[in-house]
Structure formats: structure tokens, C-alpha cells
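# A look at the structure
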Amino acid sequence: MLIPPPAERPLQPLPLELVKLTKRFGAFVANDQISLKVPPGTFHALLGENGAGKSTLVKCIMGYHQADEGDLVIDGHSREIRSPYDAYQFGIGMVYQHFTLVPAMTVAENLVLSRPNTPGIIRWKEEREHLREFMKTAPFQVDLDTPAGQLAAGQKQKVEILKQLYLNSRFLILDEPTSVLTPAEADEVLGLIRDKVKAGHLSVLLITHKFREVFAFCDEITVLRRGKFAGAGKVADLRADDMAAMMMGGQREARVVRKLPRERGPAALELKGLCANQDNGLPAVNQVNLTIHEGEVVGIAGVSGNGQRELVEVLAGQRPATGGTVQVHGQAYSATRAEAFQHKVFLLPEEPLRNACVPGMTVAENIAFRSFDRPPIGRAGCFVSRPAIRKFAQELITRFSVKTRSTETPIGDLSGGNVQRAVLARELGPGTAQVLITANPCFGLDFAAVESIHSQITEARNRGVAVLLVSEDLDELLALADRLLVISHGELVYETTPAQAEINTIGHHMAGH
Amino acid sequence: MITESIGGWGVVIGILAGAVRGGTPFLLVSLGECLTEKSGKINLGLEGVLLIGAMSAYAVSYQTGSPWVGVAAAGIAGAILGAIHAFLVSRPKVNDIAAGIAMLIFGSGCAFFLGKPYIQPSAPQLPAIALGGWSSIPQVEAALKISPLFFFGVAAAFLLQAFFRSTRWGMQVRAVGDSPAAAQALGISVPRTRFAAIVTGSALGGMGGAHLSLFYPGAWTEAISSGQGLMAVALVIFARWNPVKCLWASLLFGGAQAVGPSLQAVGISTGYYLWNASPYILTLGVMILTCSPKRTLIGAPGALGSSS
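Residues numbered from 1 in each chain as written. Chains lettered and ligands numbered in written order. Predicted model: local features only at pLDDT ≥ 70, side-chain atom pairs only at ≥ 80, totals over all residues. Heavy atoms only, no water.

A few words on the overall build of chain A. On a plain count of helices and strands, chain A comes out with 17 helices and 22 strands. Over its C-alpha atoms chain A spans a radius of gyration of 25 Å, differing by no more than 12% from the 24 Å that the globule rule assigns to 513 residues. Considered along the principal axes of its C-alpha atoms, chain A spans approximately 75 × 50 × 45 Å. Buried positions account for 53% of the 513 residues belonging to chain A. Taking contacts inside chain A between residues at least 6 apart in sequence as the whole, the part at least 24 apart equals 68%. Accessible surface for chain A amounts to roughly 22,500 Å². Of this, 52% is attributable to carbon and sulfur atoms. Separation of charge centres in chain A, based on 55 positive and 58 negative side chains, amounts to 4 Å. (Helix = DSSP H or I, 4+ residues; strand = E, 2+ residues; numbered from the N terminus. Rg over C-alpha atoms; globule rule 2.2 N^0.38 Å. Buried < 20%, exposed > 50% of the residue type's maximum accessible area, 1.4 Å probe, protein only. Contact = heavy atoms within 4.5 Å. Areas by Shrake-Rupley, 256 points an atom, 1.4 Å probe, with all protein chains shown as cover. Lys, Arg positive; Asp, Glu negative; His and termini not counted. Charge placed at Lys NZ, Arg CZ, Asp CG, Glu CD.)

Have a look at this one:
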């Protein structure tokens with residue numbers, strides 16, 4: 001191939017075009033004749049609901065998949081990309097939704113390892129010299145000697161982007177890069193990339209759900225819906241409604257349940273001086289005092305890795321507290337099955353497949369986890385009636401519109417949104433919940449699923465359930481919460497209400513200043 | 001007797017000599033296990049590898065008359081057994097613990113079956129490197145007759161350390177073991193890297209077996225390994241997956257093994273069998289001290305023991 005090696009390549013943005021690209025998996029058409037054009041030096045957004053085919057499309061560009069039909073035109077020539085290595089040779093790089101850093105390695109090691117032409121024996125002195133030179137031109141600074149696993153999510157995302165710049169990528173694909181960042185960090189990162197685009201160093205294709213980012217940073221958009229092209233245009237000519245209509249296909253039913261005004265009820269969940277450690281034995285949650293009343297949603301905002309996970313795990317009984325007390329309805333609560341049943345404490349944790357399901361067991365069995373040992377499913381204290389499980393699950397599957405082939409499908413085979421719906425059905429379906437603890441309930445879900453889960457949470461609140469909502473999505477918190485607290489370094493550092501909330505102030509506290 | 005004339009020092013010298021002599025197989029097996037586990041897989045079959053290595057080394061040394069060819073044969077036999085394990089664990093839904101136990105039984109069975117004819121004859125042994133010529137005390141002189149494989153192991157420990165830190169392949173092994181998803185995104189082949197790591201690690205383990213049959217105790221019997229291949233797994237945890245720490249830990253385990261015989265040599269035979277159990281007690285102690293449900297081990301490869 002007559003392509004100069006990346007290090008000597010001039011820093012010019014790369015024009016890239018897809019022409020009628022089709023990708024099939026068996027009978028399923030993931031991408032149906034999709035055309036997309038990213039002129040050099042522009043910031044292009046790729047929009048669409050989950051399952052619309054965005055990931056498949058960019059994976060075709062990156063060489064993970066081979067398109068069945070259509071052309072990939074780079075710099076005016078039709079090209080074939082057979083592997084991510086080919087993509088790298090063309091100067092195309094991608095920042096993934098999940099991190100691709102090796103946690104045990106330092107930032108410097110991660111960067112050097114990412115180079116496909118890393119020499120067999122690494123001369124660290126020269127490499128460090130080279131890295132220092134590179135960091136002088138980098139848009140953000142990260143300590144090179146910190147192991148990647150110890151970086152906060154925002155820092156990791158910056159390293160991911162630095163990695164692409166280090167590889168001299170001229171066309172950058174960003175897959176929802178801001179889902180783990182604070183609003184201020186998101187603006188900073190995208191702003192700095194935007195500067196690189198403006199300066200004529202890069203073209204960018206951004207996959208996102210957030211219209212705010214589209215309007216603030218992007219030049220043009222392309223929208224996919226169910227694997228098909230659903231619209232495109234210049235951002236300047238479009239309104240948010242137009243984009244939403246393209247994504248949803250105009251059949252969007254706005255059925256968000258409204259929060260009913262209500263008096264604050266008696267205290268349901270009380271945390272006093274709660275402390276907990278993270279996996280490596282260092283403190284993660286520090287002296288958290290919090291009271292949640294009946295019929296109230298208390299939101300906890302924070303950048304991931306500030307103790308939220310550990311806090312929720314303590315309340316879920318997955319992690320021992322190292323200090324302090326948890327009380328529900330005035331009685332000590334240690335999250336045993338009996339106590340959870342007695343006080344009707346229910347849970348909607350993040351990563352439900354890991355935290356709330358047994359992936360290999362069937363949907364019906366998973367839905368029956370709260371009730372299999374009690375009548376009508378449990379019989380005589382030790383027997384379980386399978387017909388009763390199926391009947392119980394079938395009803396909830398219908399009511400919560402869980403898309404599954406049957407009640408006997410392993411729950412691990414369901415899509416993320418449907419797993420979350422099934423868990424929601426289990427936790428809120430019987431309608432007996434009095435306390436609901438939930439963390440990032442909508443992470444990675446599309447509009448329709450998010451709306452339905454938000455509605456369920458609001459409905460529960462209106463019924464008088466005390467809800468603790470831990471989320472990294474500020475929009476979600478502002479929409480659902482009655483009170484909003486900010487967690488930073490394991491401590492609750494700020495309290496406000498959505499009505500009085502100022503994004504900048506919240507971001508300031510989230511960043512730990 | 002001179003033993004009595006140096007009294008308590010005899011025990012100390014005995015333990016130190018035992019640390020080097022008995023620690024060598026621990027060292028080679030634990031380095032092999034360290035390399036294997038750094039790639040994210042566990043190989044419990046190293047006990048079988050150790051036995052097949054000991055048997056092949058002895059048999060080949062006997063047949064060819066060269067102990068060095070025996071060492072090479074042990075490495076190759078270990079690598080073959082490792083390749084089977086690597087192939088098994090690269091298949092989807094194969095648990096590496098279960099496969100390892102199967103390989104342990106398979107490896108030792110093969111060694112016993114093929115090694116039957118070699119229990120009686122005596123094979124040429126590896127020449128000791130004598131560093132004790134300066135001393136007039138026979139115990140010191142005997143203690144300083146050191147196996148060439150010990151020096152090989154020490155060099156391997158430091159080389160492996162440098163390999164993980166400053167070579168592309170070493171970093172790739174670490175990446176695969178810590179985060180297979182990240183490694184894949186970097187274009188590193190996870191199955192191939194693991195295959196290479198497991199095969200190389202098993203070759204090292206096989207050479208540890210050669211030390212057993214060709215240096216100390218220096219004969220082929222079925223009871224020759226007495227679980228050292230399994231203890232190496234604990235040793236790697238104790239050493240926090242660090243090759244140079246594996247060296248120190250191996251010396252400690254080797255020393256523990258020599259406590260009983262050393263005491264007996266100076267006439268203390270009370271609790272002989274109890275003292276002989278000290279490496280196993282040490283293993284249990286290490287496991288209890290280092291494993292806590294409340295925190296993860298620092299240095300543990302992230303993907304170790306997961307099905308990915």
C-alpha cells in the first residue's frame with residue numbers, strides 16, 4: 001500500500017464517504033443501503049435509537065465487519081478495510097463506549113502499547129522523551145505514570161482520545177464519549193476536539209444521544225432508524241423536534257407520567273454516618289447522612305467512581321458497611337432477604353445482568369426471584385411450582401412489555417433494555433414497594449425504554465414510594481428528583497432542588513472543588 | 001561427628017542449602033505459572049507437567065547419556081502438555097480450573113505409565129556447580145553445590161520481569177491477562193497470546209521437573225513432586241504475580257521443605273513428619289493471609305479466573 005507510515009503523515013483531515021452500504025447478519029439487515037458523507041474538517045453526528053445500526057455501521061468503517069454491499073470511499077478512492085489495523089493505516093481511529101485501556105498498565109504503557117509498530121524491545125527512556133514531546137501538543141494533560149485503572153472515568157476518556165491523537169488519527173469516530181463525563185468535562189473534551197477539527201487536523205463522526213452536544217459541536221447529522229437511513233442535514237437548519245422525529249419515525253408517544261405535588265411523608269430510609277470501602281480496601285463512602293421520605297425521589301449526582309457504586313452495594317447487601325447505620329421505617333436494616341421483604345425494599349441496580357439477574361436462568365425464573373419462596377409460587381416451605389412461576393412471569397412480561405421469545409429464554413439472551421424492563425417488572429410489578437433504590441437505571445437504553453422506566457419510577461413515587469436515584473445523567477436527575485444531592489469522593493457535598501439547580505454549580509461540586 | 005561440632009549452624013546451613021536446592025523446582029514452576037496467569041488463565045496442570053518433565057528428563061538422560069538433552073526433553077514434554085491445556089482452555093465454555101485438574105491427572109498418569117521402566121536404572125545427573133571450594137566445612141561445601149538450573153531460574157526471573165516491563169510481547173501478555181476486551185481492541189489476538197504464554201510457562205515447569213529427577217533428589221520415582229506444582233500456584237499469589245518476588249518466595253518454600261531433614265540431620269527427629277508438612281502449612285497460611293473477600297489483590301491480572 002502506498003500510504004506513508006502514520007508518524008510521517010501530514011496532519012490533514014480525511015474525507016470519508018459511505019455509499020449504499022449494506023450489512024446483513026443472516027436474514028437480519030443491520031444496515032440497509034446507508035449513505036453518509038463526512039467532508040474533511042467537519043464534525044458529523046450519527047444519531048439513532050439503540051439497535052438502529054449505528055454501531056454496526058462504524059464497525060464496518062473500522063474493519064470489524066465487512067460490508068456485504070456498497071463502498072467505503074476514503075480520500076476519493078474506494079477502499080476495503082479488513083481489520084482495525086487497516087483502519088489505522090488509513091488514519092481512522094475510534095474511541096469506544098467502553099474503555100479500552102488496560103487497567104493495570106500506566107498511561108504511558110497504554111499509549112505505547114496502542115501503537116501497532118511498537119518495537120519488540122521498548123527503550124523506555126526514548127519513549128518517555130517522545131511522549132513528553134507529544135503531551136506538549138496535546139489538548140489535555142494526564143499524568144503518564146498513573147495506572148489507567150486508578151483514573152476517574154473522565155480522565156480515562158481523555159486518555160482514550162489522547163491515544164487516537166498519539167496515533168495521528170485523521171478521522172476520529174467517537175461512540176457516545178461523554179456518557180461518563182460531567183457536563184463541564186463533556187464540554188471541555190468535545191470543545192477541544194472541536195478546536196482540532198476547526199484547525200483542520202481532524203474529521204469527526206460522533207455517535208450520541210444528546211441533542212445538546214449535537215447543537216453545540218456538530219456541523220451535520222445523519223439519522224438511522226431500524227437499520228435504514230432516516231434523514232440527514234445541517235445542524236443549523238434543524239430543530240431538536242425534527243431530529244427526534246427522524247429518530248422515532250414520527251410515532252413517538254409522549255407518555256411521561258407527571259410528578260404529582262405531594263406532602264413530604266414520614267422518613268422511610270435513613271442513613272447515618274454510613275462508611276464503606278472499595279474493593280482494594282480504601283475508603284469509598286465516607287460518613288453519608290441521608291434521609292429519604294415517603295413519596296420523594298432523592299437524586300444523587302456525581303462522576304462515576306466517587307462512591308456511588310459502593311453506596312448502592314451496601315444498601316443492596318452486596319458489600320459490608322464499615323461504619324454507620326441504615327434504617328428503614330425506623331428499624332435497623334442490613335439488607336437480608338427477610339428484612340427486604342418485611343420493609344418492601346426493592347432494587348434496580350446498574351448493570352442489571354450482573355447485579356440483579358442470573359444470566360443463565362430463564363426470564364421467568366429471574367422475574368420470580370423475589371417471590372419464588374412464598375405462596376402462590378412457593379409451596380409447603382420447600383417446593384416451587386413451575387406453572388405458577390410461568391403464569392406470574394407471563395403476566396408481568398405482558399404488562400411491562402418485555403420483548404422475549406418466551407418465558408423460558410435465558411435472561412442473558414435479552415437486549416439490555418429488556419433485561420432492565422424484566423428487573424423493573426420484578427421489583428415494581430407487584431406494586432408493594434415502599435423503598436426503591438436505583439442506580440443508573442437507563443444507562444445505554446434508547447428513548448422509548450428510558451421514557452417507560454422514568455414513568456415507572458415517577459408512578460412509584462406518586463404512589464408514596466421512597467426512591468433513591470443514583471445517576472450519572474444530570475438530565476435524568478433534574479427530571480425525576482425532588483431533591484438533588486452531589487456526591488464527591490464518597491461524601492455528600494451539596495444539596496439543591498431541581499427547580500433551583502444550576503448546572504454550573506452542580507458541575508463544580510461534582511468535580512470536587 | 002562434624003555435624004555435632006557445628007551444632008545449630010548445621011540446621012541453618014541445611015535450610016539455606018535446601019532453599020536453593022529445593023527451591024529450584026518451585027522457582028521454575030512458579031515462573032511458568034506466573035507467565036501463564038499473567039495472560040489470564042490458570043494452569044493447575046503444572047503438577048502433571050512437573051512429573052512428565054521429571055520423567056522425560058530422566059528417561060532421555062538415561063537413553064542418550066546427556067543430562068542436558070534430558071533437560072531439553074523435559075521442556076519439550078512440558079510444552080506439549082501445555083499445548084493441550086492451551087487448546088482446551090481456548091475453546092468456549094471450558095473452565096481452566098477443571099481443564100487444569102484433568103491435565104494434572106492426565107500428565108501424572110502419562111508420567112507414571114511411561115516412566116515405569118526407568119525407576120530402577122540410574123541416569124547421568126546434571127553436574128553441580130561447586131562454589132564451596134573455599135570452605136573446609138563439608139556441610140558448607142555440600143550446600144554450595146548448586147544446580148545449574150537454579151542459575152537458569154534466577155536469570156529467567158529477572159528476564160521475565162524485564163519482558164513484562166519493556167517488551168512488546170510482554171506488554172501484550174499483560175494486556176490480554178488484565179483486560180481481554182482492551183487487548184482485542186488493540187488488535188492483539190487473545191487466544192494466540194494465551195497459547196504462547198501457557199506453552200512457554202509449561203516448558204519452564206517441565207524443566208523444573210528435570211531438576212527433580214536429574215539433580216535433587218536425583219532419581220525418578222512416582223512420589224517425586226509431592227504437590228510442588230500445585231503449591232506453585234499459591235506461591236505466585238504470594239509473590240503478587242511478580243517474577244522476581246517468585247524467586248524470593250521459592251527460596252522461602254524450598255527452605256521450609258528443608259526444615260524437617262535439617263533437624264533430623266542434627267539428631268532432632270521429634271515431629272519429623274510435622275516439620276515435613278511445613279511447606280503445605282506455609283501454603284495454607286499464605287492463602288489465608290492474602291485472600292480477603294473485602295478487597296481484591298493488587299497485581300492480580302484482571303481477567304484471571306473469568307470465563308472471557
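Back to the text.
All names here are of chain A. In this model, chain A carries an average pLDDT of 86, and 95% of its residues clear a pLDDT of 70 or more. Considering each helix and strand of chain A separately, the mean pLDDT is smallest for helix α8 (residues 240-248), with a value of 77, and largest for strand β14 (residues 323-328), with 94. Below a pLDDT of 50 lies the segment residues 1-5, which in the model reaches four contacts outside its immediate sequence neighbourhood of four places, other chains included. (pLDDT = per-residue confidence, 0-100.)

This paragraph deals with the interface of chain B and chain A. In this assembly, 17 residues from chain B lie in contact with 24 residues from chain A. With both chains or domains summed, chain B and chain A bury close to 1,700 Å², and 65% of this area falls on carbon and sulfur atoms. When the buried surface of chain B facing chain A is broken down by residue, Arg168, Met171 and Leu186 of chain B rank first, second and third, together holding 33% of it. Summed over the shared surface of chain B and chain A, the result is one salt bridge. A salt bridge links Arg174 of chain B to Glu109 of chain A, with the shortest nitrogen-to-oxygen separation between them at 3.0 Å. At the surface where chain B touches chain A, the tally comes to six residue pairs in polar contact (both at pLDDT 80 or more). Those elements giving two or more residues to the side of chain B that touches chain A turn out to be α7 (148-166), α8 (168-178) and α9 (180-185) of chain B. (Buried area = accessible area lost by both parts, 1.4 Å probe. Salt bridge = Lys/Arg side-chain N within 4 Å of Asp/Glu carboxyl O. Polar contact = N/O pair within 3.5 Å; in protein donor to acceptor, adjacent residues only side chain to side chain.)

A few words now on the sheet that holds β14 of chain A. Within a sheet, each strand pairs with its neighbour through backbone hydrogen bonds, oriented either parallel or antiparallel. Residues and elements named next belong to chain A. Reading across the sheet, the four strands line up as β12-β11-β14-β15 and stay open at both edges, with antiparallel pairing between neighbours. With partners counted over all chains shown, the strands left at the sheet margins are β12 (283-293) and β15 (331-332), one partner each. As paired strands, β14 and β15 are joined by two bridges and run antiparallel to one another. In the sheet register, Gln327 faces β15, and the bridge partner there is Ala332. The strands that helix α9 (residues 308-316) touches are β11 (267-277), β12 and β14; relative to β11, the one it contacts most, it runs at about 120 degrees. (Pairing = 2+ DSSP bridges. Axes fitted to C-alpha atoms, helices over the stretch in contact; angles between N-to-C directions.)

To continue, consider empty space enclosed by the protein. All names here are of chain A. Summed over the entire model, instances satisfying the criterion amount to two cavities of 30 Å³ or more. Considered as a void within the structure, the largest cavity measures approximately 50 Å³ in volume. Looking at the largest cavity, the residues that line it are Arg309, Val312, Glu313, Gln318, Pro349, Glu350, Asn355 and Ala439. Top element by residues in the lining of the largest cavity is α9. It accounts for three residues. (1 Å grid on protein atoms, 1.4 Å probe; cavity = no way out; pocket = protein on both sides within 12 Å on 5 of 7 lines; lining within 4 Å. Points joined across faces, edges and corners; volume = space filled by probe spheres on them.)

Within the sequence span of α8 of chain A, burial applies to Met243, Ala244, Met246, Met247 and Met248 of chain A. For α8 of chain A, the elements touching its buried residues are β3 (43-47), α7 (211-217), β9 (220-225), β10 (228-234) and α15 (447-463) of chain A.

Glycine aside, residues mostly have negative phi, and peptide bonds are mostly found in the trans state. Pro217 of chain B follows Tyr216 of chain B through a cis peptide bond whose omega is 0 degrees. Counting through the fold element by element, Pro217 of chain B comes out in the loop between α10 (190-214) and α11 (228-238). Positive phi, close to 50 degrees, is recorded for Gln33 of chain A, a residue that is not glycine. For Gln33 of chain A, a relative accessible area of 41% gives the class partly exposed.

Okay, the state of the cysteines next. Per the counting criterion, the structure on display carries zero disulfides over all chains. Free of any disulfide, Cys442 of chain A has its nearest neighbouring cysteine sulfur in Cys357 of chain A, separated by 16 Å. (Disulfide = S-S within 2.5 Å.)

Residue and element names in this part refer to chain B. Taken together, the side chains of Ile76, Ile80, Ile84 and Phe106 define a hydrophobic patch exposed on the protein surface, amounting to about 370 Å² of accessible area. The dominant element in the nonpolar patch, judged by the number of residues it contributes, is helix α4 (residues 67-90), at three residues. Relative to the helices and strands, Ile84 resides in helix α4. Judged by its relative accessible area of 34%, Ile84 is partly exposed. (Patch = residues over 30% accessible without salt bridge, like charges linked within 9 Å, V, L, I, M, F, W, Y side chains within 5 Å.)

On to the packing of helix α3 (residues 107-114) of chain A against α8 of chain B. Between α3 of chain A and α8 of chain B, the least distance of the axes is 11 Å, while the angle of their chain directions is 110 degrees. Considering the angle they form, α3 of chain A stands roughly perpendicular to α8 of chain B. As for the relative orientation of α3 of chain A and α8 of chain B, their crossing is left-handed in sense. Contacts between α3 of chain A and α8 of chain B pair Glu109, Val112 and Leu113 of chain A from the former with Arg168, Met171, Gln172, Arg174 and Ala175 of chain B from the latter. Its residues assigned to classes, the contact of α3 of chain A with α8 of chain B comprises four nonpolar, one polar and three charged. (Parallel < 35°, antiparallel > 145°, perpendicular 65-115°, else oblique. Left-handed = near helix turned anticlockwise from the far one by under 90°. Nonpolar A, V, L, I, M, F, W, Y, C, P; charged D, E, K, R; others polar.)

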